[in-house]
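These are the residues of each chain, in order.
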Amino acid sequence: MRRFPRPPLAGAEIGRVAFTVRALPAVHPVAFVFDGDEIVFRAAAGSTLAAATRHAVIGFQVDRIDPDTRTGWTVLGIGESYEVVESQRLHRLATMMPVPWVAGRDGHVIAIPLRLLHGRRLERLAAADRPRPPQNAHRA
C-alpha cells in the first residue's frame, strides 16, 4: 500500500463522504478518524450511507478554513470503501473514534483506504495580488 504524507487533519472531526445513489451524487457529513492510510467513520445500520459506501469508490473531503483570514486547507481522498469487521480492529477503533453526533450511527464501521489524495493550502493574497474593482466602467 502506498504511504501518504499525513494530511493536516489535526483538530478536524467532521468530514464529508461523497458517493452515488442511483447514479446521482450524494454527500453526507460524518465524524471520522484517520487510521494509518485510511479514513474511518460510522454509518447507521440500514442507512443509505452504509449501503452505498461498501465496496464502492467514494470520496472524502475535510477542510479547515478561516473566513476572516481567508486561510486554511482542504484535502480530498478517494478510495474503495469496505466495512471493518475484524473484532480486534473494531475494538481498537472504538477507543479512537469520536462519539457519534447522532444516536444510532454506530451500526457499521466503514474504512476508505486512500488511493488518491489531493490537497491544497489556502493562503491570504498579498494586497498587490488582490483583484481590483473595475474603474470607470462605461455602459453602452
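Structure's up top.
Cut-offs applied
- Residues numbered from 1 in each chain as written.
- Predicted model: local features only at pLDDT ≥ 70, side-chain atom pairs only at ≥ 80, totals over all residues.
- Heavy atoms only, no water.
- Helix = DSSP H or I, 4+ residues; strand = E, 2+ residues; numbered from the N terminus.
- Contact = heavy atoms within 4.5 Å.
- Patch = residues over 30% accessible without salt bridge, like charges linked within 9 Å, V, L, I, M, F, W, Y side chains within 5 Å.
- Areas by Shrake-Rupley, 256 points an atom, 1.4 Å probe, with all protein chains shown as cover.
- Salt bridge = Lys/Arg side-chain N within 4 Å of Asp/Glu carboxyl O.
- Buried < 20%, exposed > 50% of the residue type's maximum accessible area, 1.4 Å probe, protein only.
- Polar contact = N/O pair within 3.5 Å; in protein donor to acceptor, adjacent residues only side chain to side chain.
- Core = buried A, V, L, I, M, F, W, Y, C linked by side-chain atoms within 4.5 Å.

Q: So what exactly am I meant to see when it comes to the side chain of Ser-81 here?
A: In this structure, Ser-81 sits in the loop between β5 (71-80) and β6 (82-83). Not counting the four nearest positions on each side in its chain, Ser-81 is found in contact with Thr-53, Arg-54, His-55, Ala-56, Ile-58, Ile-110, Ala-111, Ile-112 and Pro-113.

Q: So what exactly am I meant to see when it comes to a nonpolar patch on the surface here?
A: There is a patch of nonpolar side chains on the surface, built from Ile-14, Trp-101 and Val-102 and spanning about 320 Å² of accessible area. The residue Ile-14 is located in strand β1 (residues 14-21) in this model.

Q: Even after reading the chapter, I still don't get the environment of Thr-74, so can you show me in this structure?
A: For Thr-74, the position within the fold is in strand β5. Given the relative accessible area of 16%, Thr-74 is considered buried. Separated by 45 residues in sequence, Thr-74 and Gly-119 have C-alpha atoms that sit 5.5 Å apart. With sequence-adjacent residues up to four places away left out, Thr-74 is seen in contact with Gln-61, Val-62, Asp-63, His-118, Gly-119 and Arg-120. Within the structure, Thr-74 has its side chain in polar contact with the side chain of Gln-61 (distance 3.1 Å).

Q: Even after reading the chapter, I still don't get the nonpolar core, so can you show me in this structure?
A: As a rule of thumb, soluble globular proteins bury nonpolar side chains together. Of all hydrophobic cores here, the largest spans 21 residues; its most connected members are Val-17, Phe-41 and Phe-60. Of all the secondary structure elements, the ones that give two or more residues to this core are β1, β2 (24-35), β3 (38-43), α1 (48-52), β4 (57-66), β5 and β7 (108-113). The element best represented in this core is β2, accounting for 4 residues. Each residue touching Phe-41, except ones within four places of it in the same chain, is listed here: Val-17, Val-30, Ala-31, Phe-32, Leu-49, Thr-53, Met-97, His-108, Val-109, Ile-110 and Ile-112. Residues Val-40, Leu-93, Met-97 and Ala-111 belong to the second largest nonpolar core, which totals 7 residues.

Q: Would you mind showing me how to read the side chain of Thr-53 here?
A: Its place among the elements puts Thr-53 in the loop between α1 and β4. Judged by relative accessible area, which is 0%, Thr-53 ranks as buried. Polar contacts involving the side chain of Thr-53 include one to the main-chain carbonyl oxygen of Leu-49, which spans 2.6 Å. When neighbours within four sequence positions are excluded, Thr-53 is seen to be in contact with Val-17, Phe-19, Phe-41, Ile-58, Ser-81, Tyr-82 and Ile-110.

Q: Got a minute to help me understand unusual backbone geometry in this structure?
A: Backbone geometry follows two general trends: most residues other than glycine have a negative phi, and most peptide bonds adopt the trans configuration. Located in the positive-phi region is Ala-23, a residue other than glycine, with phi close to 70°. Position of Ala-23 among the secondary structure elements: in the loop between β1 and β2. Since its relative accessible area comes to 72%, Ala-23 is described here as exposed. Backbone geometry places Arg-70, a non-glycine residue, at a positive phi of 55°.

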